[in-house]
Amino acid sequence: MEGFLFSYVAGKSILHGLDPRVKIFSVMCLSILIFRSSALVDLLVFALLFVGLTILAGSGLSGIRSVRPLLPIFVFIFLIHSFFTEGAALFNSQFSPTYEGLLKGSLVTVRFILLILYGSLLTSTTRPAVITAGIERILRPLPLRRVGVTSFEMATMMSLALYFVPHLLWYAGQIKDSQLSRGSKYRRDPISGTLSLAIPVLKGSMRMADDVAMAMESRCYQGNFRTSLFELKMTARDVLVCSIVLGVTALVLYA
Amino acid sequence: MIELKGVSYSYPNGHKVLDNIDIRIEKGSFTTILGDNGSGKSTLIRHMNGLLKPSHGVVSVCGVDTASPTDIWKIRQTVGMVFQDPHSQAVGATVEEDVAFGPENLALESDEIRLLVTNAIANVGLECLEDSLLMSLSGGQLQKTAIAGVLAMVPEILIFDEVTSMLDSDSRSQIIDIVRQLNKRGKTVVYVTHHMEEALFADRVIVLENGSIASDGTPRDVFREIYASGRKVPPHLELAFRLQDAGMISPDVFPVDALSLKEEICPSR
């Protein structure tokens, strides 16, 4: 499962060494800027920045390749915008993509791809436990207890999701293979095949959730307070990166 | 260390799983609980660290009642439990993070957690895999990670719930070796299995049948009883009992594996 979307790739680059709070903050700022961009040229700048950061992270093209499973979603987003945006029709047909739709579809799809890539860059250069610790520290000052949760619980939920999303995908694959080997017509009828897959996957994930809850309880998980193996310390470099990101974001937004 | 007095347990639908169980687990002992599927083994051990509370009777760990809500976390730290499915007890993304989960819950300092994690990982021989993603590990390595996760909390008692049932034979023997080593280093072990061969290494074997204790004693006595009742025992043990009945080897002989029996019959020089 190495190289899976959003999985961590061990390394010693500058990006690996940055405080997770700085990286989370930077991804949030970049997301705002990407959403504010209305020209493909602007997005090209973010794409080039991503390539530069990927080289800096030393993770090569594995991050880009890991996005491949999401290709059908990108195509779907592009087609939806291409066909359902009003404008000048591309072909002389009743159901034709429009020039405006193609432009909007490209823009939205590239934005979406960039968001996924930057998210993937964050998770590939940061240990899941460090992301969890970072999120917990970001959420700690918020009055979450008033709504019945703690920052520790939120962080644990995210940490569990980071492990169980790939695991559930693997589990669904196992069930799909087992159904195919028993004559399921999944390939010929993907809709009913998906339905017949969903029920055992849901049942299995419920049982797994129950088992995990019991294992967590038996390891003294209470949710109200925890410490972390990874102690977070802001260095001068972290403050510098944070200031640059904040400065650039403010400049682009208000200039 | 662990004492169950008159423990019975029924599910909310009224189905009785345990019926009037009395067990005392001594410090430093190695107790195996044997039984078929549905005999109540897992339900029984889940009472031993307070995951389940008895419908009737009392369970105490080091003199503390598991029903006491204020002491439950101390009890769970004292009694570590490793479960059957290695995938369903992982909570971290990497080996190191998963092992650290317990000490993090105990709110220890980062340096202390690091030390406990390093020691626990070394105890199960996963030193070179500490940064590995759990998704990339084999079933045996995952189960070792789960054992390390429990060891990192420095429990006095370790409970293993059919930990080898989903593993291949090599991983199975490695896990059994780890369990035996831990017991030799002073940990009290309660080992649940339905593989009879795994019960031969214990000091004591308890056989559960339909939620009641059917046999309780040394492996020699319990397996003799099983053999005498006409039920299957491991093949090398059956051979040893037959040879004993024929007066060909001493009745004191209790071979834990085929090799030990061979040594009894024709010792190597």
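Residue indices follow the written sequence of each chain, beginning from 1 at its first position. Going through the entries in the order they are written, you letter the chains from A and number the ligands from 1. Thresholds applied to this predicted model are a pLDDT of at least 70 for local features of residues and 80 or more for the giving and counting of side-chain atom pairs; totals over whole chains, interfaces and linings are not thresholded and use all residues. With hydrogens and water set aside, each side-chain value is computed from the structure's full complement of heavy atoms.

Asks: Give me the overall build of chain B: which residues, what numbers.
Replies: Scanning chain B from terminus to terminus reveals nine helices and ten strands. Atoms considered for the radius of gyration are the C-alpha atoms alone. The globule rule reads 2.2 Å times the number of residues to the power 0.38. Relative to the compact-globule value of 18 Å for 269 residues, chain B shows a C-alpha radius of gyration of 20 Å, a close match. A principal-axis box enclosing the C-alpha atoms of chain B has dimensions of 65 × 50 × 30 Å. Each of the 269 residues in chain B was classed as buried or not, and the buried ones make up 55%. What makes two residues a contact is simply this: any of their non-hydrogen atoms within 4.5 Å. For chain B, contacts bridging at least 24 residues in sequence account for 62% of all contacts bridging at least 6. Areas reported here follow the Shrake-Rupley algorithm with a probe of radius 1.4 Å; residue values treat only the protein chains shown as occluding. Of the roughly 11,500 Å² of accessible surface on chain B, a fraction of 50% belongs to carbon and sulfur atoms. Considering chain B, the positive charge centre built from 24 side chains and the negative charge centre built from 37 side chains are found 5 Å apart. Counting from the N terminus, the helices are the DSSP runs of H or I reaching at least four residues and the strands are the DSSP runs of E reaching at least two. Accessible area is worked out with a 1.4 Å probe on protein chains only. A residue is then buried under 20% of its type maximum, exposed over 50%, and partly exposed in between. Think of it this way: Lys and Arg go in the positive column, Asp and Glu in the negative one, and His and the chain ends go nowhere. To locate a charge, the coordinates of NZ of Lys, CZ of Arg, CG of Asp or CD of Glu are taken.

Asks: Which residues make up the nonpolar core, and what values go with them?
Replies: Only buried Ala, Val, Leu, Ile, Met, Phe, Trp, Tyr and Cys residues count toward a nonpolar core, and they belong to the same one when joined by side-chain atoms within 4.5 Å. In terms of nonpolar packing, the biggest core is built from 57 residues, with B:Val99, B:Ile147, B:Phe160 and B:Tyr191 touching the most fellow members. Here B:Val99 is in contact with A:Arg219, B:Val117, B:Ala120, B:Ile121, B:Thr145, B:Ala148, B:Gly149 and B:Ala152, once residues within four sequence places are set aside. B:Leu4, B:Tyr9, B:Ile23 and B:Ile33 belong to the second largest nonpolar core, which has 29 residues in total.

Asks: How would you sum up a negative patch on the surface? Please name residues and give values.
Replies: To count toward a patch, a residue needs a relative accessible area above 30% and no salt bridge. Like charges then connect within 9 Å, nonpolar side chains (Val, Leu, Ile, Met, Phe, Trp, Tyr) within 5 Å. Salt-bridge detection follows one rule: a side-chain nitrogen of Lys or Arg within 4 Å of a carboxyl oxygen of Asp or Glu. On the surface, a cluster of negative charge is made up of A:Glu231, B:Glu109, B:Asp111 and B:Glu112. Position of B:Glu109 relative to the elements: it lies in the loop between α3 (95-105) and α4 (110-123).

Asks: How would you sum up the environment of A:Gln174? Please name residues and give values.
Replies: Note on placement: A:Gln174 falls in helix α8 (residues 151-181). Counting along the chain gives 27 residues from A:Gln174 to A:Val201, while the straight-line C-alpha distance between them is 9.7 Å.

Asks: Before we move on, could you go through the sheet that holds strand β5 (residues 64-65) of chain B and cite the residues and values that matter?
Replies: All names here are of chain B. A sheet is described by the order of its strands in space; here four strands give the open sequence β2-β1-β4-β5, paired in antiparallel fashion. Two strands in the sheet have a free side with no partner beyond their single neighbour: β2 (16-25) and β5. We call two strands paired when DSSP finds no fewer than two bridges between them. In this structure, strand β4 (residues 56-61) lies alongside β5, joined through two bridges in antiparallel fashion. Within the sheet, the bridge partner assigned to serine 60 lies in β5 and is aspartate 65.

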